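The primary structure of each chain is shown beneath.
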Amino acid sequence: MAAMRVSLAEAGLVKKPSHSAATRVRVSVRLRPYMSRDDEGKEGLCVRGTGNQSLEILNWRNTMETMSYQFDAFYGENSSQQEVYTGSVKPVLSHLLTGQNTSVFAYGPTGAGKTHTMLGGAEEPGVIPRAVRDVFQMVREESGLPASQDWEHSVSMSYLEIYNEKVLDLLEPQDQDLPIREDKDKNILIPGLTQRTIGSFSEFESHFLPASQNRTMASTKLNTRSSRSHTVLLIRVVKSQRVLPFRQLTGKLYLIDLAGSEDNRRTGNQGIRLKESGAINSSLFVLSKVVDSLNQGLARVPYRDSKLTRLLQDSLGGSAHSVMITNIAPEQKYYFDTLTALNFAAKSKQVINKPFTRETLQTAALKRPREEAAPNGNALKKIAKESRDSSAEISDVSPTACSPPVAMFDPSVMVRLLTLEKMMKGTPEKERLNLLRTVQESRQEIKELQLKQKELEEQALAAQSLLAETRKAAAAAPSIPLHRKTSTAKPLRQRAIVASQQVCPVQPLSSSIMTCKAEKRKMKVSESDVPENEESLETRLDSAVLQRSRDRILNLLNTGSLKELKGLQKIGDKKAKLIIGWREINGAFTQVEDLGNIEGISAKLLTSFLKVNILSAITH
């Protein structure tokens, strides 16, 4: 079972580690030797060094002028791998043993010598083999010091590539895109990435060399062995204390070989090579955006826009001591690639990092089995009992005999007391009391809501009974005929006049005058205007008029089209289709009430249909 970890500040033994002084990214530029085969037009060089830290390049706007750049170091075409490593990389490796991170990455256009700088060859090894060899050398030297007798060191490695925006494991290759995560302390993690413990440089080579063969490489017009992916080698150095207070320092070394930006017009990329080139250029463009955002002090830095920048989050604007080696080519055909690389290097030189020491503490008290910290408080009782027993044992021994043990025991007692206080602050008993209090409050709220619901139900029942009595009284009251005033309008053809809640029979033309248009609008009867307790429609209408209306509706049911049937009240598209279907199967309707035989037309709907349509037929 893995031991729990607490920071030294939480244990009260040391102060919280503060950030080291802010450091900027160290930028070095390395010029590849001139190759005549790449200078087809025999145009000569476009860039040259002017010192150990400066260089100049032709101004493409005016070839009679040059533009100068200043960096932390400049390595000319005759510089060796040893010079580059000793001058730029080796000085930052010592931070690993103090629990700080270090990052070294090579940047530049394709064919400028980045992979050669990072890997090198058998006779001229590059940055990666030299750095790993020196890491083991530093660990051996520190382990031999008297002050390091109580410390142990462990070194492990991981190796990955970013190919077409997929994170792939090179130590155990499989076609699976590994996720990139960030923990609560802002550390970048890759779940599922293989981690191998290594004890010597030869053991490192036995893992690294086969894994390098898994990297995606291809041939282009500019480079016979062009890197088609970004690779990241992670060396993790853990320094653990074997005695109290069990401190642990963790330092990480990132060795990154970036794929070069490509101009597809010159590389001749097609198909899969073109897709790879697009992914490489896109990630490098996001890298440039990240550097610009950091220099401008923007609130949002687009680390998440690319897998590459997500992994470089600690190297650019993070907590690592970073070194960037910019590789450039001297030929005229690489002029704009070289100029772009130099401008990016100049911007990167302004990025500020804030390294700090990553130190944790594995306490003896926290190494106890997890079951001792059960929620029932047994852990607290056991710790208190052990403290009492220890006090009793010490009191039985003479002061001379007990002095050495007390001196050795004091740090452990302090840790256990701090752990006890921390556990008491978050004791399960207190949490259970808070939970019980919350449950009791919830129950009280439920009771109050139930009482309020009961009151509302009683009020609703009272309102319903009052409404029923009002309707009953209104039904028992005699109907009052409407007052009709004489209209000066011209007499129209004879028709029945239907008013709300009262239907007037047809009057002779000589003794009846049609009402005005305003009264005619009031005569239109909707379903809501028809009284619920209407006893008999036939008793209020003239029998002849009623029969004509029913005949008209029956004729429409038997001969009407879909559109004509939809013109009836209460008949929509669906019910009109049901009427036509029933008519085709069973023949003509003998009476209007046969509508009740159609599935989907209830008796209540039929009654409402008759009332509304008969009245509508009479008014028209």
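This text goes with the structure placed above it.
Residues numbered from 1 in each chain as written. Predicted model: local features only at pLDDT ≥ 70, side-chain atom pairs only at ≥ 80, totals over all residues. Heavy atoms only, no water.

## Concerning the overall build of the protein chain
Step number 1: Of regular secondary structure, the protein chain possesses 18 helices and 21 strands.
Step number 2: By the burial criterion, 41% of the 620 residues in the protein chain qualify as buried.
Step number 3: A fraction of 69% describes how many contacts in the protein chain between residues 6 or more apart in sequence connect residues 24 or more apart.
Step number 4: Surface accessibility of the protein chain: about 35,800 Å² in total, with carbon and sulfur atoms responsible for 53%. (Helix = DSSP H or I, 4+ residues; strand = E, 2+ residues; numbered from the N terminus. Buried < 20%, exposed > 50% of the residue type's maximum accessible area, 1.4 Å probe, protein only. Contact = heavy atoms within 4.5 Å. Areas by Shrake-Rupley, 256 points an atom, 1.4 Å probe, with all protein chains shown as cover.)

## Some points on the packing of aromatic side chains
Step number 1: Counting across every chain of the model gives 8 aromatic pairs.
Step number 2: Ring centres of F201 and F204 lie 5.8 Å apart, and the angle between their planes is 35°; this geometry places the pair in the tilted category. Placement of the pair is F201 and F204 together in helix 5 (residues 201-212), with a separation of 3 residues, close to one helical turn.
Step number 3: Given a relative accessible area of 12%, F201 falls into the buried group. (Phe/Tyr/Trp six-rings, centres within 6.5 Å; stacked < 30°, edge-to-face > 60°.)

## Side note on the sheet that holds strand 4 (residues 54-59)
Step number 1: Pairing in this open sheet of 3 strands is antiparallel, and the strands run 3-4-5 from one edge to the other. Two strands in the sheet have a free side with no partner beyond their single neighbour: strand 3 (47-49) and strand 5 (62-70). With direction set aside, neighbouring strand axes in the sheet form an average angle of 25°.
Step number 2: Where strand 3 lies against strand 4, 3 bridges are found, and the strand directions are antiparallel. Note that in strand 4 the partner of R48 across the bridge is E56.
Step number 3: Against the sheet, helix 9 (residues 335-348) contacts strand 4 and strand 5, and its axis sits at roughly 135° relative to strand 4. (Pairing = 2+ DSSP bridges. Axes fitted to C-alpha atoms, helices over the stretch in contact; angles between N-to-C directions.)

## Observations regarding the pairing of strand 4
Step number 1: Among the 6 residues that make up strand 4, 5 are buried, leaving the element largely enclosed by the rest of the structure.
Step number 2: Linking strand 3 back to strand 4 in an antiparallel pair, the connection comprises 4 residues.
Step number 3: Of the strand pairs in this sheet, strand 4 and strand 5 are connected by 6 bridges, and their pairing is antiparallel. In the strand pairing of strand 5, N59 is matched with N62.
Step number 4: A loop of 2 residues connects strand 4 with strand 5, the two strands running antiparallel in sequence.

## Describing helix 4 (residues 127-143)
Step number 1: A rise of 1.5 Å per residue sets the reference length of helix 4, with its 17 residues, at 24 Å; its end C-alpha atoms lie 24 Å apart and thus fit the reference within 8%.
Step number 2: Where burial is concerned, most of helix 4 is hidden: 12 out of the 17 residues are buried.
Step number 3: Within the span of helix 4, buried status applies to V127, I128, P129, R130, A131, V132, D134, V135, F136, M138, V139 and E142. (Expected span 1.5 Å × (residues − 1).)

## A few points about the side chain of S293
Step number 1: Mapped onto the elements, S293 comes out in helix 7 (residues 272-296).
Step number 2: Looking at S293, the relative accessible area reads 8%, which means it is buried.

## Topic: the packing of helix 4 against helix 5
Step number 1: Where helix 4 meets helix 5, the closest approach of the two axes is 10 Å, and the angle between their N-to-C directions is 145°. The two elements helix 4 and helix 5 cross, and the hand of that crossing is right-handed. Contacts between helix 4 and helix 5 involve I128, P129, V132, R133 and F136 from the first element and F201, F204 and F208 from the second.
Step number 2: Its residues assigned to classes, the contact of helix 4 with helix 5 comprises 7 nonpolar, no polar and 1 charged. (Left-handed = near helix turned anticlockwise from the far one by under 90°. Nonpolar A, V, L, I, M, F, W, Y, C, P; charged D, E, K, R; others polar.)

## A word on the pattern of salt bridges
Step number 1: Under the definition given, this model contains 19 salt bridges.
Step number 2: E56 is the partner of R48 in a salt bridge, and the nearest nitrogen-oxygen pair spans 2.6 Å.
Step number 3: The partner of D305 in a salt bridge is R300, and the shortest N-O contact between them spans 3.3 Å.
Step number 4: Taking the relative accessible area as the measure of exposure, D305 reaches 38% and is therefore partly exposed.
Step number 5: For R300, a relative accessible area of 55% gives the class exposed. (Salt bridge = Lys/Arg side-chain N within 4 Å of Asp/Glu carboxyl O.)

## Some remarks on the pairing of strand 16 (residues 247-257)
Step number 1: Most of strand 16 is tucked away, with 10 of its 11 residues classed as buried.
Step number 2: Relative to strand 16, strand 7 (residues 101-107) runs parallel, the two being bridged by 5 bridges. Bridge pairing links V104 to L255 in strand 16.
Step number 3: In this sheet, strand 16 lies alongside strand 15 (residues 230-241) in antiparallel orientation, the contact comprising 10 bridges. Within the sheet, the bridge partner assigned to V238 lies in strand 16 and is T250.

## What about unusual backbone geometry?
Step number 1: A cis geometry characterises the amide bond from L244 onward to P245, with omega recorded as 5°.
Step number 2: Note on placement: P245 falls in the loop between strand 15 and strand 16.
Step number 3: At F246, a residue that is not glycine, the phi angle is positive and equals roughly 60°.
Step number 4: With respect to the helices and strands, F246 occurs in the loop between strand 15 and strand 16.
Step number 5: For F246, a relative accessible area of 15% gives the class buried.

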